[in-house]
Amino acid sequence: MNRRTGIYAALLLTGAFLLPGCSNPKYAHYASIWGDWRADVPWGWRVVTEGDAGRFTNTDFIGPFDPNFLMGAPSLSVRWHGYNQAHRLPDGQLEIYESVDDYVKQVLRDVYQPHAKMIDDVKDLPADTLLDGRSGKHFVVTSPVRVPGDLKWGTVLDADSGKPYNVREHAYVLVPMKRGFYVLIYPATKDDNGKEGYPVYEALFNQLVHSFQALKDGPDGPPAPSAPYKLHP
């Protein structure tokens, strides 16, 4: 689910934020470049952002090389979609969603079929999962997808055809707002040999989710409507 770059920025969450004599923490307290959300993200991971005139934004946090992930690159993402706002994908198609439920329906149908299996069915988030107490939905889906033969990492060979596949195990958390919604994504990988990428960075994704705060109603929106606030330890 790569996206066309509109506004682009990249940085590394590194020791520039450290005080002298301090060791590296596990997380960095990150605020989006649009000032619309903040969360704890993995320390030292590369950050790449893009935006499309307020209709869509994406922030990827890309970790160090790990052969269990597609192209050797573990990642976490935070996206914004405005309701009924069309966004053009790299292949020229448009994506447009009228609601969180519509997003779930389209993603499961268009991205993961015909061999999708739900690891965790679409459910409401447990109460107070997010730092600011907002409601949301979550699910985890797995599905194989054919990839080019020159991709070595995060792939398995089909026993019958000998062709490489990426067996995706992707987690989603969706946070609805008035003008649109945020999507937090962990695109992990499974393989046929019992090795899984998902558990490796699951705790990092959980921290992103538990610490997530919506500060505005989208990147070009007003301050976010208030929600019950809960301070996690």
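Below is a summary of the structure that appears in this document.

1. Regarding unusual backbone geometry
Following Gln-113, the chain continues to Pro-114 via a peptide bond in cis, the omega torsion being 15°. Following the sequence through the fold, Pro-114 ends up in the loop between helix H1 (100-110) and strand E9 (117-124). Non-glycine residue Met-71 carries a positive phi angle of around 60°. Here Met-71 is to be found in the loop between strand E5 (56-62) and strand E6 (75-82). Of the residues examined, Met-71 reaches a relative accessible area of 58% and is grouped as exposed. With a phi angle near 65°, Asp-128 is a residue other than glycine that sits in the positive phi range. As for its placement among the helices and strands, Asp-128 is situated in the loop between E9 and strand E10 (137-146). Given a relative accessible area of 34%, Asp-128 falls into the partly exposed group.

2. Quick look at the sheet that holds strand E2 (residues 27-31)
One open sheet accounts for three strands, arranged E2-E3-E14; its pairing is antiparallel. Of all strands in the sheet, those with a lone pairing partner are E2 and strand E14 (213-214), marking the two edges. Here two bridges tie strand E3 (residues 37-42) to E14, and the two strands are oriented antiparallel to one another. Among the inter-strand pairings, Arg-38 is bridged to a residue of E14, identified as Gln-213. Strands in contact with helix H2 (residues 198-211) are E2, E3 and E14; relative to E3, the strand with the most contacts, it is inclined by about 160°.

About the cut-offs
- Residues numbered from 1 in each chain as written.
- Predicted model: local features only at pLDDT ≥ 70, side-chain atom pairs only at ≥ 80, totals over all residues.
- Heavy atoms only, no water.
- Helix = DSSP H or I, 4+ residues; strand = E, 2+ residues; numbered from the N terminus.
- Buried < 20%, exposed > 50% of the residue type's maximum accessible area, 1.4 Å probe, protein only.
- Pairing = 2+ DSSP bridges.
- Contact = heavy atoms within 4.5 Å.
- Axes fitted to C-alpha atoms, helices over the stretch in contact; angles between N-to-C directions.

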